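# Chains, contacts and geometry: an overview
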Amino acid sequence: MMLPRWGRTIANLSRAGLQNNSKCGNGFNLVLHRSYTKVAAAVAPAAADSMQKSPAINLNKMFWSKPCSLALAPDSPLRVEEPKYDGIKHIIFKLMLFYSKQSKSIRGANVVYWRIISQVEKPLIYEVFNLEKTFKITFSLLVLHMWFCLRRLKEEGKEGVEFGQYLYEIYNHDVELRVSKAGVNLLLTRWMKDLEKIFYGNIVAYDSAILPEAKQDELSKVIWRNIFSDDGSSPQTDAASQIVKAMARYARREVSCLSLTDKEAILSGNFMFTSLEIEKLNLKGH
């Protein structure tokens, strides 16, 4: 039921976006993406297509390394530390509940979301997985990485679930702003409700696909439907198989790495997703 809704939602968003194309931002382009099937068919070995200008990436050799913690080192310049105040400033901020558990959680959730956005908006993630940067694909990658984090947060029990709620609220606000900036202002609430249903549908599908009793290829099938397929009903092609399997390995590895990442790093946002740059460079060593 979720997949046809995706097609309707994106089609409606696209029509609205095209009517307001002067307002569209670069991040969430609302022009409907060509299906992966069409892209794969268009890129023949002898074609001089622009997609062939960059060297092909051997995905079969990527994302096989042993999972490890994603926590940043204590001396990493990429860490985000809690602001510290002394004297009267400390007293004032304390009275303003700046140091309350809720305030710290909200700040941490903002950092975590920033990590997600940084990974999803990297041009390399589209290059590695041969994806076009369209609204559907960017949104789908955003949901996938939200799932990584929400799944890890559940391991921290009630505290993690509460933190996850803050993270979801930040995500939801960001998506609403992006859709609005893209020119979709009429019936915005309706589109957001549809996107919310898609979000939860994807999360449930990913959770089910990674259960111990799930079939080995179930995660690949879900990733194909949620990210690569136009409407979720088209069958996976042989041309897409290698890329979809690579993304499934990437997903499984990130889930495992986050489970190995300590609570402090998770709740403060002081972790980084697997570097696709390093993964790509490692190919040269094989």
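Before any of the text, the structure's been laid out above.
Another aspect to go through is unusual backbone geometry. Outside of glycine, negative phi angles account for most residues, and trans bonds account for most peptide bonds. In this structure, F63 takes a positive phi of about 65° despite not being glycine. Mapped onto the elements, F63 comes out in the loop between α2 (36-42) and α3 (87-95). Overall, the relative accessible area of 4% leaves F63 in the buried class. The phi angle at N130 is positive, at roughly 50°, despite the residue not being glycine. Looking at the element boundaries, N130 is found in the loop between α5 (123-128) and α6 (135-154).

Let's shift gears to the pattern of salt bridges. One pass over the structure, following the stated rule, counts 10 salt bridges. We note a salt bridge from D174 to R178, for which the minimum N-O separation is 2.7 Å. Here D174 pairs with R178, and both are found in helix α7 (residues 157-181), just 4 residues apart, close to one helical turn. Both residues of the pair, D174 and R178, belong to the buried class. Where salt bridges share partners, they join R79, E81 and E264 into one cluster.

This part takes up the packing of helix α4 (residues 101-120) against α7. At their nearest, the axes of α4 and α7 sit 9 Å apart, and the two run at 55° to each other. On the basis of their axis angle, the class for α4 and α7 is oblique. Where α4 crosses over α7, the two elements pack in a sense that is right-handed. Within the contact between the two elements, α4 uses K101, Q102, S105, I106, G108, A109, N110, V112, Y113 and I117 and α7 uses E159, F163, Y166, L167, I170, Y171, D174 and R178. Along the lines of polarity and charge, the residues of the contact of α4 with α7 split into 10 nonpolar, 4 polar and 4 charged.

About the cut-offs
- Per chain, residues are indexed from 1 in the order of the written sequence.
- Only residues with pLDDT of at least 70 get local features here, since the model is predicted, and only at 80 or more are side-chain atom pairs given and counted; chain-wide, interface and lining totals rely on the full set of residues.
- Hydrogens are left out, water is left out, and the side-chain values use all remaining heavy atoms of the structure.
- By definition, any uninterrupted DSSP run of H or I lasting at least four residues is a helix, any uninterrupted run of E lasting at least two residues is a strand, and each is numbered from the N terminus.
- Only protein chains enter the area calculation, which uses a 1.4 Å probe; residues under 20% of their type maximum are buried, those over 50% are exposed, and those in between are partly exposed.
- Salt bridge, as applied in this entry: a Lys or Arg side-chain nitrogen positioned within 4 Å of an Asp or Glu carboxyl oxygen.
- Here an angle of 0 to 180 degrees is reported between the N-to-C directions of two axes, which are lines fitted to C-alpha atoms, with helices fitted over the stretch in contact.
- Orientation labels follow simple angle bins: below 35 degrees gives roughly parallel, above 145 gives roughly antiparallel, 65 to 115 gives roughly perpendicular, and whatever is left gives oblique.
- Two helices crossing with the near one rotated counterclockwise from the far one by less than a right angle form a left-handed crossing, whereas a clockwise rotation gives a right-handed crossing.
- Only heavy atoms matter for contacts: two residues are in contact if any of them lie within 4.5 Å across the pair.
- Residues are grouped as follows: Ala, Val, Leu, Ile, Met, Phe, Trp, Tyr, Cys and Pro are nonpolar; Asp, Glu, Lys and Arg are charged; every other residue, Gly included, is polar.

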